[in-house]
Amino acid sequence: MRHLRTLVAIAEHGSLVRAAKALNVSQPAVTKTLAELEDIAGHRLFERTPKGVNLTGAGQILVRHTGSGLRAIHDGLSSLSAEEEGEAPALVIGALPNVGATVLAPALVRFATSAPRARVSVRTGSNAQLIAALKQGVLDMVIGRLAEPSDMQGLIFEHLYNEPLLLVVRPGHALSLLKEIDPALLDSYRLVLPDAGTRAREAADRFFMAVGTGLPMRVIETIDLSFGRSYVLHSDAVWFVPLGAIENDLQQGSLVRLPIDTSVTEGPVGLTLRVDHATAESIQRVSDEIRLSASERFGAFSKSQSATS
């Protein structure tokens, strides 16, 4: 079990250092465990790169079966406990930062009312990290953006809503006082953008190419919502961020949306499940609550935007 947990952690984080941190052990311990597992398997499982490690073909096969196996063991133990104590099975849900607070949290509040003994873990990360963890069996479901078609083998996606990125600033910002803004003005300010390589960043880059300004040079990259919010509130930076991440801020007036059309950044957000787990009762119950939460949240935002237009 130690070897297999280490395998999944390295595959999920793409780095021995980050895997060691996640497992709360030293890097030498992770390196030793991996060497032992490769000796047991008779195959090299990872290729070292300057940026971390990548799974070999043998590693991909073993991770696919290991992730599902670990989840099956976990579910089996949870089912024994549930049978004795009347608990719902444990769930591990992956969520993008921009959907965790506005869509997932209210859904889980309602789920907890109907299943008070249920145990739920929520993990955040980039869309690619979450989809990889789902395929490895580490997660039961992901709520986020639609992954690349090449990454959807063995998975199903249920569309819930389309979400754009918005350009927002602190109240009192010079740009917040303008009724119309030429996108070229953004070059005068530092921009806070999603991390390179994420689906949200691809949408942001698509916007800059569409308006003809080219990709910005003065940027800070982050998917940490707390950092992004704090940085923008303490500076003149402009934050290009998914709607769900700052919906409450806009409604409360703590951030101001700039009057620039960003509809080109819209992307599908929804539930991604493994085909072999899609019909599990606990997953269906949580999925129903997420559907309701998404409908209530984004329906309300659309109405408020129409009222202020």
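Everything here concerns the structure above.
The structure contained in this document is the topic of the report that follows. Note that the structure is a prediction, hence the values are computed from the model and not measured.

Reading the values: the criteria
- Each chain has its residues counted from 1, following the order in which its sequence is written.
- For a predicted model such as this one, the threshold for reporting local features is a pLDDT of at least 70, and the threshold for listing and counting side-chain atom pairs is 80 or more; totals across whole chains, interfaces and linings nevertheless cover every residue.
- The basis for the side-chain values is all heavy atoms of the structure; hydrogens and waters are excluded.
- Working definition: helices are DSSP H or I runs of at least four residues, strands are E runs of at least two. Numbering for both runs from the N terminus.
- Only protein chains enter the calculation, and the probe is 1.4 Å; a residue is then buried if its accessible area is under 20% of its type maximum, exposed if over 50%, and partly exposed in between.
- Any pair of residues with heavy atoms lying within 4.5 Å of one another is described as a contacting pair.
- A pair of strands is labelled paired if DSSP reports no fewer than 2 bridges between them.
- Interaxial angles span 0 to 180 degrees and are taken between N-to-C directions of axes, which are lines fitted to C-alpha atoms, for helices over the stretch in contact.
- Ring pairs shown here join Phe, Tyr and Trp side chains whose ring centres sit within 6.5 Å, with only the six-membered ring taken for Trp; geometry is labelled stacked below 30 degrees between planes, edge-to-face above 60, and tilted in between.
- Only one rule defines a salt bridge in this text: a Lys or Arg side-chain nitrogen within 4 Å of an Asp or Glu carboxyl oxygen.
- Note on terminology: a nonpolar core comprises buried Ala, Val, Leu, Ile, Met, Phe, Trp, Tyr and Cys residues joined through side-chain atoms within 4.5 Å.
- Expected helix span is given by 1.5 Å per residue-to-residue step, counting one fewer step than there are residues.
- Consider the strands pointing away from the viewer: the crossover is right-handed when the path from the first strand over the helix to the second runs clockwise.
- Oblique is the label for every angle not falling under 35 degrees (roughly parallel), over 145 degrees (roughly antiparallel), or within 65 to 115 degrees (roughly perpendicular).
- Each residue is assigned to one class: nonpolar for Ala, Val, Leu, Ile, Met, Phe, Trp, Tyr, Cys and Pro, charged for Asp, Glu, Lys and Arg, and polar for all the others, Gly among them.

Looking only at helices and strands, the protein has 10 helices and 12 strands in total. Taking all 309 residues of the protein together, 45% fall into the buried category. For the protein, restricting intrachain contacts to residue pairs at least 6 apart in sequence, the fraction spanning at least 24 positions comes to 72%.

Moving on to the sheet that holds strand E10 (residues 238–242). Taken in spatial order, the five strands of this open sheet run E9-E8-E10-E7-E11, and their pairing is mixed. In this open sheet, the two strands that pair with only one neighbour each are strand E9 (219–221) and strand E11 (256–257). Bridge analysis of strand E7 (residues 165–169) against E11 gives two bridges, and the strand direction is antiparallel. Bridge pairing in E11 links Val169 to Val256. Of the strands in this sheet, E7, strand E8 (191–193), E9 and E10 are in contact with helix H8 (residues 225–233), which crosses E10 at around 150°.

To continue, consider the packing of aromatic side chains. Scanning the entire structure with this criterion turns up four aromatic pairs. Judged by centre distance (5.3 Å) and plane angle (75°), the rings of Phe207 and Phe208 are edge-to-face. Looking at Phe208, the relative accessible area reads 2%, which means it is buried. Relative to Phe240, the ring of Phe208 has its centre 5.7 Å away and its plane inclined at 80°; by these criteria the two rings are edge-to-face. Of this pair, Phe208 sits in helix H7 (residues 199–211) while Phe240 sits in strand E10, and the two are 32 residues apart along the sequence. Through a chain of ring-to-ring contacts, three or more aromatic side chains come together here, namely Phe207, Phe208 and Phe240.

Summed over all chains, the structure comprises 13 salt bridges. A single salt-bridge network, built from bridges that share partners, covers Arg2, Lys32 and Glu36.

As a further point, take the nonpolar core. In terms of nonpolar packing, the biggest core is built from 34 residues, with Val99, Leu139, Met141, Ile143, Val286 and Ile290 touching the most fellow members. The leading source of residues in this core is helix H5 (residues 97–114), at six residues. Setting aside residues no more than four positions away along its own chain, Val99 makes contact with Leu104, Ile143, Tyr161 and Val269. Core analysis: the second largest hydrophobic core is formed by 18 residues, Leu175, Val238, Phe240 and Ile260 among them.

Let us now look at helix H1 (residues 2–13). For H1, built from 12 residues, the straight-helix expectation of 16 Å at 1.5 Å per residue is met to within 8% by its first-to-last C-alpha distance of 17 Å. Phi turns positive one or two residues past the end of H1, at Gly14, with a value near 65°.

This part takes up the pairing of strand E3 (residues 91–95). Extensive coverage of E3 is indicated by the burial of five of its five residues. Sheet topology note: the E3/strand E4 (residues 120–124) ladder contains five bridges and is parallel. Bridge pairing links Ile93 to Val122 in E4. Handedness of the crossover joining E3 and E4 through H5 is recorded here as right-handed. Where E3 meets strand E5 (residues 141–145), three bridges bridge the pair, whose relative direction is parallel. Residue pairing across strands places Gly94 opposite Val142, the latter belonging to E5.

Here we take up the packing of helix H2 (residues 16–23) against helix H3 (residues 27–41). Taken N-terminus to C-terminus, the directions of H2 and H3 make an angle of 105°; their axes are 8 Å apart at the nearest point. On the basis of their axis angle, the class for H2 and H3 is roughly perpendicular. Judged by residue contacts, Leu16, Val17, Ala20 and Leu23 of H2 engage Gln27, Val30, Thr31 and Leu34 from H3. In terms of residue class, the contact of H2 with H3 is built from six nonpolar, two polar and no charged.

Okay, the sheet that holds strand E12 (residues 267–274) next. By definition, the strands of a sheet pair up through backbone hydrogen bonds, in either a parallel or an antiparallel sense. If you trace the five strands from one edge of the open sheet to the other, you get E4-E3-E5-E12-E6, paired in mixed fashion. The two strands at the open ends of the sheet, each matched to only one other strand, are E4 and strand E6 (155–163). Neighbour to neighbour, the strand axes of the sheet diverge by 20° on average, direction disregarded.

With respect to the element layout, Pro216 can be found in the loop between H7 and E9. Pro216 gets classed as buried once you look at its relative accessible area, which sits at 15%. Separated by 28 residues in the primary sequence, Pro216 and Ser188 have C-alpha atoms spaced 10.0 Å apart.

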